[in-house]
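Descriptive structure summary
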Protein chains: 2
Amino acid sequence: MRTYGQYCGIAKALDTIGDRWTLLIIRELLALGPCRHTDLRNGLPGIASNLLVDRLRELEEAGLIHRKAAPPPVATTLFSLTERGRALEPVLQELSRWGIPLLREPAGSDTFRTHWLDVPARALTDHRPDQPAIALQLHADGNEDLVIEVKDGSVHTHAGRVDHPTASLTGPPHLLAATLLGELDLSAAVQQGLRLSGEHEAVLRILPR
Amino acid sequence: MRTYGQYCGIAKALDTIGDRWTLLIIRELLALGPCRHTDLRNGLPGIASNLLVDRLRELEEAGLIHRKAAPPPVATTLFSLTERGRALEPVLQELSRWGIPLLREPAGSDTFRTHWLDVPARALTDHRPDQPAIALQLHADGNEDLVIEVKDGSVHTHAGRVDHPTASLTGPPHLLAATLLGELDLSAAVQQGLRLSGEHEAVLRILPR
């Protein structure tokens, strides 16, 4: 890793996590939990395989991730964040918040993975923490499914489907993202083609006000 | 600017401010206010002049800074942050917070500028907002002077000296930084060579507890 050689917390942080792709690798591990090399490549379209190997080694040396040989049936190496790596979540949250206005345009030729909504989803507020837990199912056109779980005032996501979601949102990535991130009213998003089924109120419970 | 081509707020943010040196340029403009090219170079030891020119042009195109021809006696171009550029302060704050543990070691061959303490100083809490305003004078060995002003619950810094500071702290950069950032007790720092004059209580008013 190159160093700025500056006695400054910001510069020191960037010495460790300022290289190209590094923070996106942290985003993947934060969103997905323990990952195989192949999971990371899937969530980082465009990264060269040898660059990913280099970055993972650097992150391990810096104490931000650890690797573990998982026994069969997984039978491969799994990468996960250390406590120091997870401590980067606020950096990612602030980058995400600052970047949200840049998502106003449709995705165009950009790639998309539904789990990229994990970091901004964690920043959502459960406006009704007194209510029972709910699960929102997201279907992004042509993409993986994501579940947003809202329970006791906190918001989490995981990949996949639940059997009986409280509500489902289906549509193109930019409508899902803009709605969840408060850039577009739910009713306006529905007019533009977002499909909502189930309890309307459940979605409003977490949308920014 | 290279793009990750990902429809993700974090990736979009990094498309704009992820290049080497860019966030440190933002740090300088946040700490110093409107700057000449020569001020920026002084605060960014190691940056190539043409790289700084390129980055400033990219930041201007992205709407994060603007340039203005200042009339005589300044008679040069001044660069300053736009509102969108200033909105990066929370990103810098979180990077700084994450980077503080990396400052535990003395500076060694690292360069230092006292005004690099501006961003972490802004994050300090005035524990006695009911008390009159105070000014703390910092003298880092071999470096520029910095004033920390504490008033009505907020903490700001500016370069230079005040005539009658409430307290002064003088010493090597790592003792000043570690003390201000809560990594070292004031009494331990004094034992290690930090010189404190004036009102001890004034310093404790802003040190992390």
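Not measured: the values here are computed from a predicted model. (Residues numbered from 1 in each chain as written. Chains lettered and ligands numbered in written order. Predicted model: local features only at pLDDT ≥ 70, side-chain atom pairs only at ≥ 80, totals over all residues. Heavy atoms only, no water.)

1. Looking at the interface of chain A and chain B
It is common to report an interface's size as the accessible area lost on association of the parts. Defined as follows: Only heavy atoms matter for contacts: two residues are in contact if any of them lie within 4.5 Å across the pair. Two parts placed together each lose some accessible area under a 1.4 Å probe, and adding up what both lose gives the buried area. By definition, a salt bridge exists where a carboxyl oxygen of Asp or Glu is found within 4 Å of a side-chain nitrogen of Lys or Arg. Nitrogen and oxygen atoms within 3.5 Å of one another constitute a polar contact, given that in protein one can donate a hydrogen and the other can accept it, and given that sequence-neighbouring residues count only through two side-chain atoms. In DSSP terms, a helix is any run of H or I states spanning at least four residues, a strand is any run of E spanning at least two, and both are numbered starting from the N terminus. In the scheme used here, Gly and all other residues not listed as nonpolar or charged are polar, with Ala, Val, Leu, Ile, Met, Phe, Trp, Tyr, Cys and Pro taken as nonpolar and Asp, Glu, Lys and Arg as charged.
Taken residue by residue, the interface counts 50 residues in chain A and 50 residues in chain B. Together chain A and chain B conceal approximately 4,600 Å² of surface at their shared face, both sides included; 65% is due to carbon and sulfur atoms. Residue B:Lys12 pairs with A:Asp110 through a salt bridge whose shortest N-O separation is 2.5 Å. In this structure, the connection of chain A to chain B is made through 14 residue pairs in polar contact (both at pLDDT 80 or more). Secondary structure elements with two or more residues in the side of chain A that touches chain B: α1 (9–17), α2 (22–32), α6 (89–99) and α8 (173–180) of chain A. Taken together, the residues of the side of chain A that touches chain B sort by class into 31 nonpolar, 11 polar and eight charged.

2. Focus: unusual backbone geometry
All names here are of chain A. Inclusion rule: For every residue, the accessible area (1.4 Å probe, protein chains only) is compared with the maximum for its type, and the residue is labelled buried under 20%, exposed over 50%, or partly exposed between those bounds.
The amide bond that connects Pro72 to the next residue, Pro73, takes the cis arrangement and shows omega of 10°. Inspection of the secondary structure assignment puts Pro73 in the loop between β1 (65–69) and β2 (77–81). The phi dihedral of Trp21 is positive, around 80°, even though this residue is not glycine. With respect to the helices and strands, Trp21 occurs in the loop between α1 and α2. Here Trp21 falls in the buried class, since its relative accessible area comes to 7%. Look at Asp152: it is not a glycine, yet its phi comes out positive at around 50°.

3. Re the domain arrangement of chain A
Residue and element names in this part refer to chain A. The condition that has to hold: Note that the domain bounds reflect an automated or database-derived domain assignment.
The domains assigned to chain A are domain 1 (9–87) and domain 2 (109–204). The gap between the C-alpha centroids of domain 1 and domain 2 is 26 Å. Facing eight residues of domain 1, the contacting portion of domain 2 comprises seven residues. Buried area between domain 1 and domain 2, both sides added, is near 730 Å², and the carbon and sulfur share of it is 59%. Our enumeration of links across domain 1 and domain 2 arrives at zero salt bridges. The tally of links from domain 1 across to domain 2 stands at five residue pairs in polar contact (both at pLDDT 80 or more). Every element with two or more residues in the side of domain 1 that touches domain 2 is listed here: α2 and α3 (37–43). With five residues, α2 is the largest single contributor of residues to the side of domain 1 that touches domain 2. Taken together, the residues of the side of domain 1 that touches domain 2 sort by class into four nonpolar, two polar and two charged.

4. Description of the relation of the copies chain A and chain B
What counts is decided by this rule: The copies were overlaid with a least-squares fit restricted to C-alpha atoms from residues scoring a pLDDT of at least 70 in each copy.
Aligned on chain B, chain A shows an RMSD of 0.0 Å; the corresponding rotation is 180° and the shift along the axis is 0.0 Å. Read as a symmetry element, the transformation amounts to a two-fold axis. Considering only C-alpha atoms, the part of chain A nearest the rotation axis is A:Val91, at 3.0 Å. Interface overlap between copies: 100% of the residues of chain A at the interface are likewise at the interface in chain B, consistent with a symmetric, same-surface contact.

5. Here's the deal with the packing of α2(A) against helix α1 (residues 9–17) of chain B
To be explicit about the condition: Note on geometry: axes are C-alpha line fits, over the in-contact stretch for helices, and angles between N-to-C directions span 0 to 180 degrees. The scheme is simple: roughly parallel for angles under 35 degrees, roughly antiparallel for over 145, roughly perpendicular for 65 to 115, oblique for anything else.
At a closest axis distance of 10 Å, the pairing of α2(A) and α1(B) adopts a crossing angle of 170°. Considered as vectors, α2(A) and α1(B) are oriented roughly antiparallel to each other. From α2(A), A:Leu23, A:Leu24 and A:Arg27 reach across to α1(B), where they touch B:Ile10, B:Ala11 and B:Leu14. When grouped by side-chain class, the residues that make up the contact of α2(A) with α1(B) number five nonpolar, no polar and one charged.

6. Examining empty space enclosed by the protein
To be explicit about the condition: The pocket and cavity definitions rest on a 1 Å grid over protein atoms only: a 1.4 Å probe that fits but cannot leave marks a cavity, an open set with protein on both sides within 12 Å along at least five of seven lines marks a pocket, and residues lining either have an atom within 4 Å of a point. Grid points are joined across faces, edges and corners, and a volume is the space filled by probe spheres set on the points.
All told, the structure shown has four cavities of 30 Å³ or more when counted by the stated rule. Space inside the largest cavity adds up to approximately 80 Å³. Taken together, A:Tyr7, A:Cys8, A:Gly9, A:Ile10, B:Ser96, B:Leu103, B:Trp116, B:Leu117, B:Pro120, B:Ala177 and B:Leu181 make up the full set of residues lining the largest cavity. Here the lining of the largest cavity is composed, by residue class, of nine nonpolar, two polar and no charged. Here the second largest cavity defines a volume of roughly 60 Å³. Taken together, A:Ser96, A:Leu103, A:Trp116, A:Leu117, A:Pro120, A:Ala177, A:Leu181, B:Tyr7, B:Cys8, B:Gly9 and B:Ile10 form the lining of the second largest cavity. For the lining of the second largest cavity, the class distribution of residues is nine nonpolar, two polar and no charged.

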